[in-house]
Amino acid sequence: MNKSWLEKILDKVEKPGRYIGKEFNEIVKKDDTSLIKIALAFPDLYEIGMSYLGFKILYDIINQKEDVLAERVFSPAVDLERLLREANLPIFSLETYRPLNSFDIVGFTVQHELCFSNILNLIELGHLPLKSEEREERDPLVIAGGPVAFNPEPLVDFIDLFVIGEGEEVIQEIIEVYREWKGQKGKRKELLQRLAQIEGIYVPSFYQVEYGEDGQIKSINPRQKGVPAHIKKRIIKDFNQVSYPVRPIVPNLEVVHDRITLEIFRGCTRGCRFCQAGVIYRPVRERSLSRLVELAQETLQHTGYEEISLSSLSSTDYSQIEELIRVLVNRFGERGVGVSLPSLRIDAFSVNLAKQIQRVRKVGLTFAPEVGTERLRRVINKNVCEEDLFYSIEAAFQAGWRRVKLYFMIGLPTETEEDIAGIVRLIRQVKAIGRKIAGKKMEINVSVSVFVPKAHTPFQWEAQEKMELLSQKLSFLKNQLKDRNILFSYSDVRQSFLEAVFARGDRRLGKVLEEAHYLGCKFDSWREYFNFENWQKAFEKSKISMDFYATRERQEDELLPWEHISCGVKKEYLQQERARARKGEITLDCRFSTCLDCGVCEKGLV
Amino acid sequence: MEKIIRIKYTKEGILRYISHLNLVQIFNRAIRRAGLPVSISNGFNPRFRISFGPPLPLGINSQAEYLDLRVTEVINLEEVKNRLNQVLPEDLKIIQVQEVTSSSDSLAKIIDSAAYIIVLKLEKKEESQKRVEDIDQLSTSLVKDKDEIESPGEKTIIHYPGGNPLESLNREMGCFLRQREMIIDKPIPGGLKRINIRPFILTMRGISYSKGILELELYLSIGPRGNIHPRYIVEYWLNQSPYQGEILQVSRQELYIQGRAVM
């Protein structure tokens, strides 16, 4: 990328800071043809991508290697995209303005299904052949990882290989194989064959999927010898030893999560039946308290951040959470450094923790009762009761909070009108408690999302509820919750529908993605850019039914598109949990109860 | 005993595309990295007690930006400079540090004018060829500078049959400045705002001209009552002039308090 041209366009775009890099802790390596060049591509804006810890971890690990460089590439906003296309110039990295197509490896971080169209767009803007089969010897290897890799099938036309599971170790193994292959000047196919030998690597072109007349999958088989029938996810065994980025880039402009993300543990065994993260990131692995304090200290020193977020899937479950917060607040609070928890478990213990935390910085309180009735809460295995919620809310207002956030989900299996009415009842009660203590000056933020059945969960066979019904439920809630103390926000049912289609999609959706891309679909997770009509057109043109994927209940013996991707949790366990959901039976967390034989520990990890 | 340390820094290179608001955050974090004993505000969201000079518009380089730090203990000034320079992004550089007597007014309030240098590429407007000749006739009495005028093969050069182009340009700017009102429609979030930009202009003159490249010096009033991006002034002038121009670079040279450079 010509720098003077770049500067010219920077005058014409909104938030040029997104594209220039030059942040503190950015790593710029001197150009050298012998270096292996990896582009870490994030298919969304800078502000979003720079908020993900996984992205920072990979940047750090790769750049620690002397003969390898990692540079960042994000989706350009529409204004820059237009200018690039007009000038026929490729999207470039932030570090050295290097075009995407001049890297050896392009690695996408894929967080959710609604960024699929952006992946295609970014590949095209990088002047790479869009489809894997069109790429030639000299083109970069296009790889992808992240939670979406647990059902990567809709993306297989565009991605050469997927990393299943945690990336810290496997990225290094990929680099080793690549380095050796590069030295021998081998063929692309050979590279893929060698990489496919690594545990956790899935090269989709080596597998064949056959379909029956009913449209369902008949078989998924390796096309050739030497590739595994099942791809097992990668897990970091020693969470204390694994590398953590203590010198993360400090963004020059505001990003969504602009703070230290201190990952206190990985995995969660609470067992909420709708939750994919709770399955795919098992088993639970904690970092020791002393290691966490050490990492916090170092990261603070190297970044100057004023907030440490204790991150995990359920941070109050950390075995020494009270002690950890006490130590961090005592050690760093004096210099104005606050500690925050992303969301709180609903109980008295958590509110007490929050009190400790707010000694330094006022943080918001977020609770997730998820649903409106005890019955449905048992179905989804959210083991909290209303009394706990009311008690927590009361304690929070009494401790001086004036704003609480509540998360709910609608469209869950077995949900009835009573459950929806229950949400209204619950929020009104929370409001009454708030008014009693805080008077008029208080706010309840209510956020309602739509349930999307995800792969590898006990609800993976369930139908998503029809959009019409979901819309009715949302407008009922909206009408019932018109209130000056209540701020109501909700997800777009059409976005959730599309997400549901791709979350359990198969390879046939590749052509839909391509059609949608040519129709201009991008930034589908952004309400202002989401264009459902174009998506409908793309499905019609491809002669593929959206309902087949989103609103159809699967039989438990149906072969699912991700059957060959193993997250370590047994299918029987998921089936068993689904049956318990139907009966409204709670399953206790195996950390505090008996082992449920989900299968993840059989791999000899714990 | 708290003291106030005044810092002069430059903001150059690609980092000029970072907004003032973001810059505030960048300095907050740099101060934390440097471990400087800056006083912290009370309240729900404690912050360092930093007070910034007037915001620098996006895309402009600056040789002279200022901020005040309130420090809780005596600290060597050279050390403040060095420690901050070690932890700032490369396009930000502290060049001078000074202790000032604690005054109640913030930098943003007392700084009242700014000097800018604008580098322009000038070309004659095709359609107004005739007007240029008219203006050029005014300069017939000026001594002809052959070297300046007749470098062959340079399309962008403005041809002045009758005089030194810089003086001619300055003469023209003098006429331009006689206007008491210069009304523009400035884009603001959600529409346009009609403003008179003339009161902002203190002086405006060309300081060098060579081969189609004009260096313009502009003194503008600045402060809590409002600011104007120098680009608007230059564009307004170009609009009325017989030239079309492209702004190649804008840089803030200095900030002043009652006619004296802040530091």
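For the structure itself, look to the data block above.
In short, a report on the structure.

Basis of the calculations
Every chain's residues receive numbers from 1 upward, in the order its sequence appears when written. Whichever chain is written first is A, and whichever ligand is written first is 1; the rest continue in order. A pLDDT threshold of at least 70 governs which residues receive local features in this predicted model, and a stricter bar of 80 or more applies before side-chain atom pairs are shown or counted, although totals over entire chains, interfaces and linings include all residues. In computing side-chain properties, one takes all heavy atoms of the structure into account and sets aside hydrogens as well as water. Segments assigned H or I by DSSP are reported as helices when at least four residues long, segments assigned E as strands when at least two residues long, and all are numbered from the N terminus. The criterion used for residue contact is that any of the two residues' heavy atoms lie within 4.5 Å. Accessible areas in this description were obtained via Shrake-Rupley with a 1.4 Å probe; residue shielding takes into account the shown protein chains only. His residues and chain termini do not enter the charge count, which takes Lys and Arg as positive and Asp and Glu as negative. Charge positions are represented by NZ for Lys, CZ for Arg, CG for Asp and CD for Glu. Only the six-membered ring of Trp is used, alongside the rings of Phe and Tyr, when aromatic pairs are assigned; centres must lie within 6.5 Å, and planes under 30 degrees apart are stacked while those over 60 apart are edge-to-face, with the rest tilted. Buried, partly exposed and exposed residues are distinguished by accessible area as a fraction of the type maximum, computed with a 1.4 Å probe on protein chains only: under 20%, between the cut-offs, and over 50%, respectively. Whether a charge sits over a ring depends on NZ of Lys or CZ of Arg being within 6 Å of the ring centre and within 35 degrees of the ring normal. To obtain the arc, one takes the directions from the helix axis to the C-beta atoms. Between any two strands, at least two bridges found by DSSP are needed for them to pair. For helices, the fitted line uses only the C-alpha atoms of the stretch in contact; every axis is such a line through C-alpha atoms, and the angle between N-to-C directions lies from 0 to 180 degrees. Side-chain atoms within 4.5 Å are what join buried Ala, Val, Leu, Ile, Met, Phe, Trp, Tyr and Cys residues into a set we call a nonpolar core. Working rule for helices: expected span equals 1.5 Å times residues minus one. Whenever a nitrogen or oxygen atom comes within 3.5 Å of another N or O atom, the pair is scored as a polar contact, on the condition that within protein one atom can donate a hydrogen and the other can accept it, and that pairs from neighbouring residues in sequence are kept only if both atoms are in side chains. By buried area we mean the combined loss of accessible area, with a 1.4 Å probe, across both parts when two parts are placed together. Each reported salt bridge corresponds to a side-chain nitrogen of Lys or Arg within 4 Å of a carboxyl oxygen of Asp or Glu. Throughout, right-handed denotes a crossover for which the path from the first strand over the helix to the second runs clockwise when the strands point away from the viewer. Each helix crossing is assigned a hand: it is left-handed if the near helix lies turned anticlockwise from the far helix by less than a right angle, otherwise right-handed if that turn is clockwise. Residues are grouped as follows: Ala, Val, Leu, Ile, Met, Phe, Trp, Tyr, Cys and Pro are nonpolar; Asp, Glu, Lys and Arg are charged; all remaining types, including Gly, are polar.

1. Overview of the overall build of chain A
- Each helix and strand counted, chain A has 20 helices and 19 strands in total.
- Dimensions of chain A, computed from the C-alpha atoms along their principal axes, are close to 70 × 65 × 50 Å.
- When contacts within chain A are restricted to residue pairs at least 6 apart in sequence, long-range pairs at least 24 apart make up 77% of them.
- For chain A, the accessible surface area stands at approximately 23900 Å², while carbon and sulfur atoms represent 47% of it.
- Side chains of chain A carry 89 positive and 89 negative charges; the gap between the two charge centres is 3 Å.

2. What to know about the packing of aromatic side chains
- Scanning the model with the defined rule gives 23 aromatic pairs over all chains in all.
- When the ring of F42 of chain A is compared with that of F55 of chain A, the centres are 5.6 Å apart and the planes differ by 80°; the resulting orientation is edge-to-face. Taken as a pair, F42 of chain A in strand 1 (residues 36-42) and F55 of chain A in helix 3 (residues 53-63) lie far apart in primary sequence, 13 residues in all.
- Looking at F42 of chain A, the relative accessible area reads 3%, which means it is buried.
- With a centroid separation of 5.0 Å and an interplanar angle of 85°, the aromatic rings of F548 of chain A and Y549 of chain A are classed as edge-to-face.
- Note that R33 of chain B overlies the ring of F24 of chain A, its terminal NZ or CZ placed 3.7 Å from the centroid.

3. What to know about helix 7 (residues 188-195) of chain A
Residues and elements named next belong to chain A.
- Every buried residue of helix 7 is listed here: R188, L191, L192 and L195. Relative to the axis of helix 7, the buried residues are bounded by an arc of 95° and lie together on one face.
- Structurally, helix 7 contributes buried residues whose contacts are with strand 4 (141-145), strand 5 (161-163), helix 6 (167-183) and strand 6 (201-202).

4. As for the environment of V255 of chain A
All names here are of chain A.
- Within the secondary structure, V255 is located in the loop between strand 9 (231-232) and strand 10 (260-263).
- Given a relative accessible area of 9%, V255 falls into the buried group.
- Separated by 93 residues in sequence, V255 and F162 have C-alpha atoms that sit 27 Å apart.
- In contact with V255, other than residues within four places in its own chain, are Y46, E47, M50 and S51.

5. Quick notes on the sheet that holds strand 16 (residues 403-410) of chain A
Residue and element names in this part refer to chain A.
- One open sheet accounts for four strands, arranged 15-16-17-18; its pairing is parallel. The outermost strands of the open sheet, each flanked by one partner alone, are strand 15 (365-370) and strand 18 (486-490). The mean angle between the axes of side-by-side strands here comes to 20°, regardless of whether they run parallel or antiparallel.
- In this structure, strand 16 lies alongside strand 17 (residues 443-450), joined through eight bridges in parallel fashion. Across the sheet, the residue bridging to F408 is V448, located in strand 17.
- Contacting strand 15, strand 16, strand 17 and strand 18, helix 14 (residues 417-438) crosses the sheet at an angle of about 175° to strand 16.

6. Focus on the nonpolar core
- Membership of the largest hydrophobic core comes to 222 residues, with the highest contact counts inside it found for F108, L310, W535 and F539 of chain A together with I7 and L84 of chain B.
- Broken down by element, this core gets its largest block of residues, eight residues, from helix 14 of chain A.
- For F108 of chain A, the residues in contact, after removing those within four places along its chain, are A41, P43, I119, L122, I123, V142, I143, A144, G145 and I159 of chain A.

7. What to know about the sheet that holds strand 3 (residues 105-109) of chain A
All names here are of chain A.
- Ordered by their spatial adjacency, six strands build an open sheet running 2-1-3-4-5-6, and the pairing between neighbours is mixed. With partners counted over all chains shown, the strands left at the sheet margins are strand 2 (68-74) and strand 6, one partner each.
- Bridge count for strand 5 against strand 6 is two bridges, and the pairing is antiparallel. When the bridges of strand 6 are listed, F162 appears paired with Y202.
- Lying on the sheet, helix 5 (residues 116-125) is in contact with strand 1, strand 2, strand 3 and strand 4; it crosses strand 3 at an angle near 160°.

8. Here's the deal with helix 10 (residues 321-332) of chain A
All names here are of chain A.
- In this model helix 10 runs 16 Å from its N-terminal to its C-terminal C-alpha over twelve residues, within 8% of the 16 Å that 1.5 Å per residue would give.
- Among all positions of helix 10, only I321, L324, I325, V327, L328, V329 and F332 are buried.
- The elements touched by buried residues of helix 10 are helix 9 (289-303), strand 13 (307-311), strand 14 (338-340) and helix 11 (348-357).

9. Regarding the environment of R223 of chain A
All names here are of chain A.
- Looking at where R223 falls in the secondary structure, it is placed in the loop between strand 8 (217-222) and strand 9.
- With 245 residues separating them in the primary sequence, R223 and E468 have C-alpha atoms 42 Å apart.
- Setting aside its immediate chain neighbours within four residues, R223 contacts S205, F206, Y207 and Q208.
- From its side chain, R223 meets the backbone oxygen of Y207 in a polar contact 3.5 Å long.

10. Remarks on the interface of chain B and chain A
- With 27 residues of chain B in contact, the opposing surface of chain A contributes 31 residues.
- Note on chain B versus chain A: buried area summed over both sides is about 2400 Å², and carbon and sulfur give 54% of it.
- Contact with chain A buries area across many residues of chain B, yet I14, Y17 and R29 of chain B alone supply 30% of it, more than any other trio.
- Remark: the boundary between chain B and chain A carries three salt bridges.
- Ionic pairing is found between R29 of chain B and E306 of chain A, a salt bridge with its closest N-O pair at 2.8 Å.

11. A look at the environment of E14 of chain A
Residues and elements named next belong to chain A.
- Summarising the element assignment, E14 is placed in the loop between helix 1 (3-10) and strand 1.
- Given a relative accessible area of 53%, E14 falls into the exposed group.
- Along the primary structure E14 and V78 are separated by 64 residues, whereas in three dimensions their C-alpha atoms are 9.7 Å apart.
- In this view, E14 contacts Y19 and D79; residues no more than four positions away in its chain are not counted.

12. A closer look at the pairing of strand 17 of chain A
Residues and elements named next belong to chain A.
- Within strand 17, six of the eight residues are buried, which leaves the element mostly enclosed by the surrounding structure.
- Read as a crossover between parallel neighbours, the route from strand 16 over helix 14 to strand 17 is right-handed.
- Across five bridges, strand 17 lies against strand 18 in parallel orientation. Looking at strand 18, one finds that S447 is bridged to S489.

13. Focus: the packing of helix 6 of chain A against helix 7 of chain A
All names here are of chain A.
- Where helix 6 contacts helix 7, the two axes come as close as 10 Å, and the packing angle between them is 145°. The two elements helix 6 and helix 7 cross, and the hand of that crossing is right-handed. Contacts from I174, V177, Y178, E180 and W181 in helix 6 reach R188, E190, L191, R194 and L195 in helix 7.
- Its residues assigned to classes, the contact of helix 6 with helix 7 comprises six nonpolar, no polar and four charged.

Scope: geometric values only; no functional claims are made or implied.
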